[in-house]
Amino acid sequence: LTPAMVFEDTGAAYVERTLYVYYTPVGQAPELVEKVMVEIYVGVKGDADLDAEVNAIDAAKVLGYAAARGAGEDVSLYSAENEGLETLAYFLADVFGESRDCGEDGSDLNALDAAGILQFAAEKGANPGKSAATIWGEVMGSTEE
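Figured I'd write up the structure that's included with this text.

About the cut-offs
- Residues numbered from 1 in each chain as written.
- Predicted model: local features only at pLDDT ≥ 70, side-chain atom pairs only at ≥ 80, totals over all residues.
- Heavy atoms only, no water.
- Phe/Tyr/Trp six-rings, centres within 6.5 Å; stacked < 30°, edge-to-face > 60°.
- Helix = DSSP H or I, 4+ residues; strand = E, 2+ residues; numbered from the N terminus.
- Buried < 20%, exposed > 50% of the residue type's maximum accessible area, 1.4 Å probe, protein only.
- Lys NZ or Arg CZ within 6 Å of the ring centre and 35° of its normal.
- Core = buried A, V, L, I, M, F, W, Y, C linked by side-chain atoms within 4.5 Å.
- Contact = heavy atoms within 4.5 Å.
- Polar contact = N/O pair within 3.5 Å; in protein donor to acceptor, adjacent residues only side chain to side chain.

Below, the discussion takes up the packing of aromatic side chains. Applying the stated criterion across every chain yields a total of two aromatic pairs. Judged by centre distance (6.0 Å) and plane angle (75 degrees), the ring pair of Tyr-65 and Tyr-90 falls under edge-to-face. Taken together, the residues span a long stretch of sequence, with Tyr-65 in helix H2 (residues 56-70) and Tyr-90 in helix H3 (residues 83-93) at a distance of 25 residues. Tyr-90 carries the same exposure label as Tyr-65, and that label is buried. With 4.5 Å between their ring centres and 10 degrees between their planes, Phe-120 and Trp-136 make a pair best called stacked. Residue Phe-120 is found in helix H4 (residues 111-126), and its partner Trp-136 is found in helix H5 (residues 132-142); the two are separated by 16 residues along the sequence. Taken individually, Phe-120 and Trp-136 each receive the classification buried, so the pair is uniform in this respect. Residue placement shows Lys-45 over the ring face of Trp-136; its charged tip is 5.4 Å from the ring centre.

As structure tokens, then:
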């Protein structure tokens with residue numbers, strides 16, 4: 001199974017799952033690598049509040065976060081108590097992918113991310129049959145004009 005398949009199968013807002021890693025020597029049966037486990041988090045692009053929907057509430061969360069960070073506050077987007085979920089929420093909200101480490105590289109969530117989320121939500125609402133991947137492609141491409 002891929003992470004996306006696990007996510008789609010659960011129907012939850014996000015998936016937190018431990019993966020077991022197997023090694024398959026040539027010509028032999030797979031062997032469980034018992035000491036290697038990886039936690040994965042999978043969610044919906046643009047979903048800053050991890051409720052499985054991309055809407056104006058997510059954009060508002062991003063704007064509030066950006067404003068607080070701009071004012072020098074040390075704030076969390078989703079959960080200061082759960083670093084994994086905080087990182088997931090940040091990753092999903094950073095729709096244009098400017099930051100690779102939750103803003104620690106000098107790039108942070110901003111009004112462009114919020115605008116992208118709003119644009120996605122409006123397009124999805126107007127075209128419910130259109131796939132999320134297609135809409136995100138349009139949103140991402142529209143910023144280069």
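Grouped together as the largest cluster of nonpolar side chains are 21 residues, with contacts concentrated most on Val-62, Leu-77, Leu-109, Ile-117 and Trp-136. Of all the secondary-structure elements, those providing two or more residues to this core are H2, H3, H4 and H5. Ranked by the residues each element gives to this core, the list is headed by H3, at six residues. For Leu-109, the residues in contact, after removing those within four places along its chain, are Val-62, Tyr-65, Ala-66, Leu-77, Tyr-90, Ala-93 and Asp-94.

It is worth spelling out H3 at this point. In terms of burial, H3 is a largely internal element, eight of the 11 residues being buried. Within the span of H3, buried status applies to Gly-84, Leu-85, Glu-86, Leu-88, Ala-89, Tyr-90, Leu-92 and Ala-93. N-capping of H3 is provided by Asn-82, with a side-chain oxygen placed 3.1 Å from the backbone N of Gly-84.

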